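Geometric and topological summary
Residue-level listing of the chains:
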Amino acid sequence: MSVLNLITIDGPSGSGKGTVCHILAKKLQWHLLDSGALYRILAYAALQNKVSLTDAKALSELALSLDVSFVSNGNGVDTLLSGENIGDKLRTEVVGQAASEVASIQDVRTALLARQKAFLQAPGLIADGRDMGTVVFPDAAVKVFLDASAEERAERRFNQLQEKGFNVNIAQILSEIKERDFRDRNRAVAPLRPADDAIVIDSTTLTIDEVVSKVLALVELKLKITVE
Ligand code: DC
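Procedures and definitions
- Residues numbered from 1 in each chain as written.
- Predicted model: local features only at pLDDT ≥ 70, side-chain atom pairs only at ≥ 80, totals over all residues.
- Heavy atoms only, no water.
- Helix = DSSP H or I, 4+ residues; strand = E, 2+ residues; numbered from the N terminus.
- Buried < 20%, exposed > 50% of the residue type's maximum accessible area, 1.4 Å probe, protein only.
- Contact = heavy atoms within 4.5 Å.
- Expected span 1.5 Å × (residues − 1).
- Near = heavy atom within 4 Å.
- Polar contact = N/O pair within 3.5 Å; in protein donor to acceptor, adjacent residues only side chain to side chain.
- Areas by Shrake-Rupley, 256 points an atom, 1.4 Å probe, with all protein chains shown as cover.
- Nonpolar A, V, L, I, M, F, W, Y, C, P; charged D, E, K, R; others polar.
- Core = buried A, V, L, I, M, F, W, Y, C linked by side-chain atoms within 4.5 Å.
- Pairing = 2+ DSSP bridges.

Here we come to the environment of arginine 187. Within the secondary structure, arginine 187 sits in the loop between helix H8 (170-186) and strand E8 (199-202). Taking the relative accessible area as the measure of exposure, arginine 187 reaches 8% and is therefore buried. Each C-alpha atom of the pair arginine 187 and valine 94 lies 19 Å from the other, and the pair is 93 residues apart in sequence. Among residues more than four places away in sequence, those in contact with arginine 187 are Ala103, Ser104, Arg109 and Arg130.

Okay, helix H9 (residues 208-223) next. With 16 residues, H9 should reach 22 Å at 1.5 Å per residue; the first-to-last C-alpha distance of 22 Å fits that figure. Looking at the buried residues of H9, the elements they touch are strand E1 (6-10), helix H1 (17-28), strand E7 (142-147) and E8. Phi turns positive, to about 55°, at lysine 224, one or two residues after H9.

Let us now look at the site of the ligand. The environment of the ligand is formed by 17 residues, the closest being Arg40, Arg109, Arg130, Asp131 and Arg187. Here an oxygen atom of the ligand and a side-chain polar atom of arginine 109 are 2.8 Å apart. Separating an oxygen atom of the ligand from a side-chain N or O atom of arginine 187 is a distance of 2.9 Å. Protein burial of the ligand: of its 450 Å² of free accessible surface, 97% is covered by the chains. Mapped onto the shell around the ligand, the elements with two or more residues apiece are helix H2 (35-48), helix H4 (93-102) and H8. With four residues, the single largest contributor to the shell around the ligand is H2. In terms of residue class, the shell around the ligand is made up of four nonpolar, four polar and nine charged.

Leu33, Leu66, Leu81 and Phe137 are the most contacted members of the largest nonpolar core, which totals 36 residues. Where this core is concerned, the elements lending two or more residues are H2, helix H3 (56-65), H4, helix H5 (106-117), strand E6 (125-129) and helix H6 (132-136). With eight residues, the top contributor of residues to this core is H2. Those residues in contact with leucine 33, other than ones at most four positions away along the chain, are Leu38, Gln116, Phe119, Leu125, Ile126, Ala127, Asp128, Met132 and Phe137. Grouped together as the second largest cluster of nonpolar side chains are 21 residues, Val20, Leu24, Ile201 and Leu216 included.

The next thing to look at is the environment of lysine 222. Relative to the assigned elements, lysine 222 resides in helix H9. A C-alpha to C-alpha distance of 7.0 Å links lysine 222 and alanine 141, two positions 81 residues apart in sequence.

What follows deals with the pairing of strand E4 (residues 77-81). In regular strands, side chains alternate between the two faces of the sheet. As defined by bridge partners, strand E3 (residues 68-72) adjoins E4 across five bridges and the pair is classed as antiparallel. Bridge assignment links phenylalanine 70 to a residue of E4, and that residue is threonine 79. Linking E3 back to E4 in an antiparallel pair, the connection comprises four residues, with glycine 74 at a positive phi of about 95°. Summarising the sheet, E4 and strand E5 (residues 84-85) pair through two bridges and their orientation is antiparallel. Its bridge partner being in E5, leucine 80 is matched across the sheet by asparagine 85. If you look at the hairpin formed by E4 and E5, you'll find two residues sitting between the two strands, and serine 82 has a positive phi there, around 50°.

Here it is as structure tokens:
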């Protein structure tokens, strides 16, 4: 398969990339890699198995041994760890912070590399993460870095959680977002940053549909394909 059928979308949490990637994968009928889910699954498994979040050797062994599968369920994707559907358990703040911690360890990132590359299959792949365009798929023809202000991302997260019935505090969400951003952008290994050849889209004042249209325009231009 041509390596050209590959779109990488990197950016901080809350930039809208997860939603944008799902819409693109559906429109193009391509595979989807949610690389953040892999870091979350590892963090979840480490917490369950009482593996220290700083033990590089134990964490990378765990990363290599995880029995993970993503199964389409018609509505979305079920995340199975050793056959158990753990999708809902991955989205908690505790798992998110733990994922950010384990993701700062080079051995862990190396252990997850082959698993991520294996997602590149015909007819194409949308890769969602922090280092898709810089480290995992540096040859991708279409690279997007989706950003938004921390305040806007906190408000989006606040609205999402309120809709789900959680009693939340926007100041606390904003401070957690800033803490995670700082760690992801300043870590020594694979820090969150746009690839040199990435197109940066700031979604602060854009709707999801506007972002999707911008990415599709880029795809049509660079990959010379027409998307309905
Ligand atoms: O996208 P997310 O919030 O599900 O990601 C969870 C954490 O995993 C995030 O804090 C950073 C890390 N991550 C990473 O370091 N590299 C990736 N390609 C994806 C996620």
